[in-house]
Amino acid sequence: MHATNGNGGASKYITLVSKDGFEFVVLREASLCSDYIRGMLRNNMTEARTGRCELQDINGVILEKVVEYFHYWYKFKDREDVPDMEIPVENCLELVVAADYLGMDSKPH
């Protein structure tokens, strides 16, 4: 059983929760650019059933930027002339670590 939209189908959105308790509602399809989250939403994992993914290694400031990237990727995934995404210099190292943790270094499926 997956988090449903009220009609028995999988919900269009999931909730990502940071280690410091911040919650972000994300378009499910946009989050699939992460191998880690895609894995959590498959099969009979708790996250697949509830639509809620707790990310105990990522703080809210970084997860907010990751969520922004998910939607950025989703919006521009079929385009070649993609504008730059603003990334604060002070967060670059933590964002690289989060991207690695979430398996975002491979081509999204």
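See above for the structure.
Scope of this entry: the structure provided in the associated data block. (Residues numbered from 1 in each chain as written. Predicted model: local features only at pLDDT ≥ 70, side-chain atom pairs only at ≥ 80, totals over all residues. Heavy atoms only, no water.)

Attention now moves to the overall build of the protein chain. Per the secondary structure count, the protein chain includes 5 helices and 3 strands. Counting from the amino terminus, helix and strand elements in the protein chain follow one another as β-β-α-α-α-β-α-α. The buried share of the protein chain, taken over its 109 residues, is 39%. Intrachain contacts of the protein chain at a sequence separation of at least 6 include 60% that bridge at least 24 residues. For the protein chain, the accessible surface area stands at approximately 6,900 Å², while carbon and sulfur atoms represent 52% of it. (Helix = DSSP H or I, 4+ residues; strand = E, 2+ residues; numbered from the N terminus. Buried < 20%, exposed > 50% of the residue type's maximum accessible area, 1.4 Å probe, protein only. Contact = heavy atoms within 4.5 Å. Areas by Shrake-Rupley, 256 points an atom, 1.4 Å probe, with all protein chains shown as cover.)

On to the sheet that holds strand E1 (residues 13–18). The strand order E2-E1-E3 describes an open sheet built from 3 strands, whose pairing is mixed. The sheet is open, and its two edges are formed by strand E2 (23–27) and strand E3 (52–55), each paired on a single side. Averaged over all pairs of adjacent strands, the angle between their axes in this sheet comes to 25°, without regard to strand direction. Where E1 and E2 come together, 5 bridges link them in antiparallel fashion. Pairing of Val 17 across the sheet is with Glu 23, part of E2. Across the sheet, helix H4 (residues 60–76) is in contact with E1, E2 and E3; its angle to E2 comes to roughly 10°. (Pairing = 2+ DSSP bridges. Axes fitted to C-alpha atoms, helices over the stretch in contact; angles between N-to-C directions.)

A separate point is the pairing of E3. Here E3 shows a clear split, with Cys 53 and Leu 55 buried on one side and none of Arg 52 and Glu 54 buried on the other. Here 4 bridges tie E1 to E3, and the two strands are oriented parallel to one another. By the bridge assignment, Thr 15 is partnered in E3 with Arg 52.

This part is about the pairing of E1. Each regular strand carries side chains that alternate between the two faces of the sheet. Counting buried positions over the 6 residues of E1 gives 5, a clear majority of the element. Counting the residues between successive antiparallel strands, the hairpin from E1 to E2 contains 4 residues, one of them, Gly 21, with a positive phi of roughly 90°.

What follows is about the packing of aromatic side chains. The final tally for this structure, using the stated rule, is 3 aromatic pairs. With a centroid separation of 4.9 Å and an interplanar angle of 40°, the aromatic rings of Tyr 36 and Tyr 101 are classed as tilted. With Tyr 36 in helix H2 (residues 35–40) and Tyr 101 in helix H5 (residues 92–101), this pair connects stretches of sequence that are 65 residues apart. For Tyr 101, a relative accessible area of 29% translates into the label partly exposed. Among the aromatic residues, those joined into a ring-pair cluster are Tyr 69, Tyr 72 and Phe 76. (Phe/Tyr/Trp six-rings, centres within 6.5 Å; stacked < 30°, edge-to-face > 60°.)

Before going further, it helps to spend a moment on the pattern of salt bridges. One pass over the full model with this rule turns up 6 salt bridges. Through salt bridges with shared partners, a single ionic network connects Glu 23, Arg 52 and Glu 54. (Salt bridge = Lys/Arg side-chain N within 4 Å of Asp/Glu carboxyl O.)

As a further point, take the side chain of Arg 38. Mapped onto the elements of the fold, Arg 38 is located in helix H2. Taking relative accessible area as the criterion, Arg 38 reaches 10% and is therefore assigned buried. At 2.9 Å, the side chain of Arg 38 and the backbone oxygen of Leu 32 are in polar contact. Within the structure, the side chain of Arg 38 is placed 2.8 Å from the side chain of Asp 35, a separation counted as a polar contact. (Polar contact = N/O pair within 3.5 Å; in protein donor to acceptor, adjacent residues only side chain to side chain.)

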